[in-house]
Amino acid sequence: MPQSTTENDKKSEENTKSPNKQVDEMLRFHSNILQSLAEGIYLIRASDGVIVFTNPQFDRMFGYESGGLLGKHVSIVNAHGEKDPKEVAATIMTELARTGIWSGEVQNIRKDGIFFWCRASVSTFDHPQFGKIWVSLHEDVTEHKHMEDSLRKSESLFRNYFELGQVGMAITSPEQEWLNVNQHLCEMLGYTKEELTKMTWVELTHPDDLEPDLVQFRRLLCGEIEKYSLDKKFIHKNGNIIYTHLTVACQRKPDKSIEYVIASVADITERKHAENELREKEERLTLATLQNGVGIWDWNLITQEMIWDDSMYSLYQIRREDFIGTEEAWRTALHPDDLERGDKEVYDALSGKKPFNTEFRVVWPNSEVRHIKAVAKVFRDEQGTPLRMLGINMDITELRQATNALQESEFRWKFALEGAGAGVLDWSLLNSTVFFSKRWKEMLGFSENEIGNGLEEWTKRIHPGDKAESLTTMQAYLDGKTPDYASEHRVRCKDGSYKWILARGMVVSRREDGKPSRMIGTHTDITERKEAEEQIRNMAFYDPLTQLPNRRLLNDRLEQTIAASKRSGSYGAMIFLDLDNFKSLNDTHGHDAGDSLLLKAALRIIGCVREVDTVGRFGGDEFMVVLNELDTDKAKSATQAAIVAEKIRTALSEPYLIKIQQEGKAETIIEQHCTSSIGVVLFISHETSTEDIIKGADLAMYQAKEAGGNSIRFYDSKD
C-alpha cells in the first residue's frame, strides 16, 4: 500500500538530517575520548591560532577553570623566555604547516604566573566543525627538568669538589692503585700526579696504620660496608709523617661489583699537633687543679659566719688557724685596686641587681698576685631577704697570663708587619668596624685622625677599574669559595694619585654558624714593582727611542690583522718605509741629531694613519705601518693604501728643523731634508704568512729606493 505524502516528507527530512547527526555523534565521541585522557589536550584553529577546545586535564595543568582558555590565542600559555611567546607559537605553526607534526619541550606559564616545562606533541587534523586544527598533547615534565638540572649541578659540584676542594681527593682501584688524584693530595704528600698514579696507597701508608686500613678496605670490597672513616698517617716524600682523616666509599656497577673507590684525605697534622699540645696542657691543668683545687665557700648572711673548704685556704695562702671566719678574711686578701669593685659586686648580688660572677686579684702573704674567678648563688626566704651565699673560687692566673700573652703576641705581629712596611687592617664583621693601623693611613698620605673605622674607608678608594674584581675576590674568600685572599689593585691616596697595593687577609675567628666574624689583613705598597713590570713590558715590546711598537709587537699586531681579515673578508696592508739620506745626517751631526729626526718622523707617520692602524719602528731608520679593515674589493683597498702611503711620503719630505749642540759651542738649528722610500703590500685572510708579507713590503721598498727614492712601489708577487 503506498505511503502518504506526509510520511514520505518525514522520511525525506530524517534522511537529510542523518549526516549532521552522525557528525554530532562523532564529535561527542571524540570529545569524550579527549576528556578522559590523562594528558592535557587542546585544539588550536590553524587559521588564526585560537584555542577552540581544552580537556579538563589541560585546564587544571594551566590553572584555568573549564573553558577559561577558549577563544584565546595559543601564545597565552607560552612563557616569556629568550623569545616572545607569539614568536614561539609562530615558529611551531610554521613547522606544522610544513610537515604536519611538531614535538619538543616548551616552557609554559600558568594563569597564576608560575613557569613550568611541558613535553608537547602537535599534529594537524581536519575537524568537521573548526576546519584545519592542530591537536596538541602536553605532559608536565617540570620535575624531570629539575632532576636533569640537579644531576648536572651534582656532577659539576663533584668535579669542582674533586679538583678545587680543600682536601685531598683520590680515585683508586680495588687493587689499591691510585687512578686519579687532585692537586691538593699531590701537595699534601709531596709527589706529582704522575708519580702518585704509578704507586699504591699502601706504599705511602705508615706501617702502624696499614693493617687497620686494610681491614676496613677488605670489608668495603666484600660489600659488608659501603664506606668507612679513620685517622691514619701517610709518609711524605721527604720522610715526614702526615696525619690525615680518611673517608673511603665505593661506586658499584649494576651487578654490584666495584667500579672504583673514592677517598677524601683531610690533612689534620696541625690539628693533631694542637691536640697533643692541648692534651699536655690539660694534664698540666689537671695537676694544677689537684694542687690548687677549686675552693668552695659558704657565707651565712644572718650570722656573718663564713666557712671555707681546704682548697680555699690554698687559693688564698691562709693557714686554717689564721682564718677569722668572716667576709673580712676575703676583703683583707683582695688586691687594693679591686677592693671597691669587689664590694660592689657583692652588694649588687645581694640586692638582686645581677648574679655574682666576677674576677679579681688576691695578694698572697709573699706579695705574689693571683687571679681568681668567683661564682656564687644567693639563697633567699619567701620575702626575698638574702639568707645565704654559696660560691666557688678558681685560680685562673695561668689563663689570664695566657690571655695577656696572646694580646702581647698580637701586638708584636702587628708591629712586625708594620715594621716590614705593610699596613694592617683588623675587620670585625659583626659590627662592620675596621681598625686601620697608623702605617696603613700613612701609606695613603693620611694622618691618624683623618680616617674613620668603616670598611668603606678602603673600598671607596679602590680604583673604579679594579673595584668589582677586588671586592668579588674578597667575597669569594669570605664565602669559602677560595682558600686564600689576595688581590692586587690600585687605591686612591689623599692627593688624588693612585698606589698599587697587594691586599692579603685571613679569617681568624668565626661565629657558631661558621660564618666569619673577624678578618685580619695587610696592605703592601707594590707600586714600584708594578712600575718595574710595566717598564720591563715596554722594553720587551716598544722601541726605547720612539716608544713605537718594536719588531716583536709589530709581528703580533700583523697576525691580529690577518686574523681580522679572515673574519671580515677585508684586505689589510703593510707599508714598509726607509728614510733616504738619513746616514749623512748621522755622519755629519752625530747620533743625537739623527735621533731627533727619527722622533719627528715617527710623529709625522702617526699623524697620517687612523687609530686602528699600527705604526712601528722596524729598526734603524726603517718604519712599518699595518693598515686594518680596508675594503673587501682589492682595487679599492689598493687605492686606500696608496692614499695613506702618499700622505706619509709627503709628510716625511717636508723640511726638518733639528737642534744641534756641539761641545763648546752654542746651540744651533739646522734645516734637514730627508725623503723616504715606501713599499706597500696587500694581503687578505691567511693566504700568506707574516714573514712573506714583510718580505714583500721590504722588496717593494727597495724597488722604490732603486728608482731614486722619495717614491712608492706596490709589491707584485709575480715580480
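Caption draft 1: Layout of the environment of His236. Assignment of secondary structure puts His236 in the loop between strand 8 (227-235) and strand 9 (241-252). Overall, His236 belongs to the buried group, its relative accessible area being 16%. Residues His236 and Gly190 lie 46 residues apart in sequence; the distance between their C-alpha atoms is 6.0 Å. If sequence neighbours within four positions are ignored, His236 has contacts with Glu187, Met188, Leu189, Gly190 and Ile242.

Caption draft 2: Expanded view of the nonpolar core. In terms of nonpolar packing, the biggest core is built from 36 residues, with Ile575, Leu579, Leu627 and Ile648 touching the most fellow members. Where this core is concerned, the elements lending two or more residues are strand 21 (572-579), helix 19 (582-589), helix 20 (591-606), strand 23 (622-627), helix 21 (634-653), strand 24 (656-660) and strand 26 (676-683). Setting aside anything within four residues of it in sequence, one finds Leu627 in contact with Thr561, Gly572, Ala573, Ile575, Val609, Arg610, Asp613, Ala641 and Val644. Counting residues in each nonpolar core, the second largest holds 27 residues, with Val181, Cys186, Leu230 and Ile258 among its members.

Caption draft 3: Broad picture of the side chain of Lys233. Relative to the assigned elements, Lys233 resides in strand 8. Judged by relative accessible area, which is 16%, Lys233 ranks as buried. Once you skip the residues sitting within four places of it in the chain, Lys233 turns out to touch Leu204, Thr205, His206, Asp208, Asp209, Ile241, Ile242 and Tyr243.

Caption draft 4: Up close: the sheet that holds strand 20 (residues 516-525). Spatial strand order, 17-16-20-19-18: five strands in an open sheet with antiparallel pairing. On the outer flanks of this sheet lie strand 17 (433-436) and strand 18 (485-492), each paired with one strand and no other. Taken over all neighbouring pairs, the strand axes of this sheet differ in orientation by 25° on average, direction set aside. Both strand 18 and strand 19 (residues 498-510) contribute to a ladder of eight bridges, which runs antiparallel. Pairing of Arg490 across the sheet is with Trp500, part of strand 19. Here helix 16 (residues 464-478) sits on the sheet in contact with strand 16 (422-428), strand 18, strand 19 and strand 20, set at roughly 150° to strand 18.

Caption draft 5: Examining the pairing of strand 24 more closely. The alternating pattern of strand 24 places Tyr656, Ile658 and Ile660 on a buried face and Leu657 and Lys659 on a face that is not buried. Pairing of strand 24 with strand 25 (residues 668-672), which is carried by five bridges, proceeds in the antiparallel orientation. Across the sheet, residue Tyr656 finds its bridge partner in strand 25, namely Gln672.

Caption draft 6: Spotlight on a negative patch on the surface. A cluster of like negative charges, contributed by Asp556, Glu559, Glu691 and Asp692, occupies part of the molecular surface. For the negative patch, the secondary-structure elements that each account for two or more residues are helix 18 (551-568) and helix 22 (690-706).

Caption draft 7: Quick peek at the sheet that holds strand 1 (residues 40-45). Pairing is antiparallel in the open sheet, where five strands are placed in the order 2-1-5-4-3. The open sheet has two edge strands with one neighbour each: strand 2 (51-54) and strand 3 (101-109). For this sheet the average axis-to-axis angle between neighbouring strands, irrespective of direction, equals 30°. In the sheet, strand 3 pairs with strand 4 (residues 115-127) via nine bridges, with the strands oriented antiparallel. Each bridged residue has a counterpart across the sheet, and for Val106 the counterpart in strand 4 is Cys118.

Caption draft 8: Summary view of helix 21. Taking 1.5 Å per residue as the helical rise, helix 21 with its 20 residues ought to reach 28 Å, and the 28 Å between its terminal C-alpha atoms agrees with that figure. Of the surrounding secondary structure, the elements contacted by the buried residues of helix 21 are strand 21, helix 20, strand 23, strand 24, strand 26 and strand 27 (711-714). For helix 21, the N-terminal capping position is held by Asp633, with its side-chain oxygen 3.2 Å away from the main-chain nitrogen of Ala635.

Caption draft 9: Up close: the side chain of Asn628. Note that Asn628 resides in the loop between strand 23 and helix 21. Among the polar contacts listed, one links the side chain of Asn628 to the side chain of Thr561, at a separation of 2.6 Å. A distance of 2.4 Å separates a polar side-chain atom of Asn628 from the backbone oxygen of Val612. Excluding residues within four positions of it along the chain, Asn628 makes contact with Thr561, Arg610, Val612 and Asp613.

Caption draft 10: Just empty space enclosed by the protein, in detail. Taken as a whole and judged by the stated rule, the model has five cavities of 30 Å³ or more. The calculated volume of the largest cavity comes to roughly 150 Å³. Put simply, the parts of the chain that give the lining of the largest cavity at least two residues each are strand 1, helix 3 (85-99), strand 3, strand 4 and strand 5 (131-140). For the lining of the largest cavity, the element with the most residues is helix 3, which contributes four residues. Here the residues of the lining of the largest cavity are counted per class, giving 12 nonpolar, four polar and no charged.

Caption draft 11: Fine view of a nonpolar patch on the surface. A cluster of nonpolar residues, Val294, Ile296, Val375, Phe379, Leu390 and Ile392, forms a patch on the protein surface that exposes about 400 Å² of accessible area. Every element with two or more residues in the nonpolar patch is listed here: strand 11 (294-300), strand 14 (369-380) and strand 15 (386-395). Among the structural elements, Leu390 can be located in strand 15.

Conventions adopted
- Each chain carries its own residue numbering, running from 1 in the written order of its sequence.
- Totals for whole chains, interfaces and linings use all residues, but because this is a predicted model, local features are given only for residues with pLDDT of at least 70 and pairs of side-chain atoms are given and counted only at 80 or more.
- The basis for every side-chain value is the complete set of heavy atoms in the structure, and neither hydrogens nor water enter the calculation.
- Strands here are runs of E lasting at least two residues and helices are runs of H or I lasting at least four, both read from the DSSP assignment and numbered beginning at the N terminus.
- Burial status follows relative accessibility: with a 1.4 Å probe on protein chains alone, a residue under 20% of its type maximum counts as buried, one over 50% as exposed, and anything between as partly exposed.
- Residues count as neighbours in contact if any of their non-hydrogen atoms are within 4.5 Å of one another.
- Put simply, a nonpolar core is a bunch of buried Ala, Val, Leu, Ile, Met, Phe, Trp, Tyr and Cys residues held in one set by side-chain atoms that sit within 4.5 Å of each other.
- Strands pair, by our definition, only if DSSP identifies at least two bridges between them.
- In this analysis an axis means a line fitted to C-alpha atoms, helices contributing only their contacting stretch, and an angle means the value between N-to-C directions, from 0 to 180 degrees.
- Two joining distances apply to patches: 9 Å for like charges and 5 Å for nonpolar side chains (Val, Leu, Ile, Met, Phe, Trp, Tyr), and every residue must have over 30% relative accessible area and no salt bridge.
- Computed with the Shrake-Rupley method and a 1.4 Å probe, the accessible areas treat only the protein chains shown as cover for residues.
- For salt bridges, the criterion is a side-chain nitrogen of Lys or Arg within 4 Å of an Asp or Glu carboxyl oxygen.
- A positive count includes Lys and Arg, and a negative count includes Asp and Glu. His and the chain ends are not counted in either.
- By convention, the point assigned to a charge is CZ for Arg, NZ for Lys, CD for Glu and CG for Asp.
- Each helix should span, by expectation, one fewer than its residue count multiplied by 1.5 Å.
- The term polar contact refers here to a pair of N or O atoms within 3.5 Å; inside protein, the definition further demands a hydrogen-donor-capable atom paired with an acceptor-capable atom, and it admits residues adjacent in sequence only when both atoms are side-chain atoms.
- Think of a 1 Å grid over the protein atoms and nothing else: a 1.4 Å probe that fits but is trapped marks a cavity, an open set flanked by protein within 12 Å on at least five of seven lines marks a pocket, and residues with an atom within 4 Å of a point count as lining.
- Grid points are joined across faces, edges and corners, and a volume is the space filled by probe spheres set on the points.
- The classification used treats Ala, Val, Leu, Ile, Met, Phe, Trp, Tyr, Cys and Pro as nonpolar, Asp, Glu, Lys and Arg as charged, and all other residues, Gly among them, as polar.

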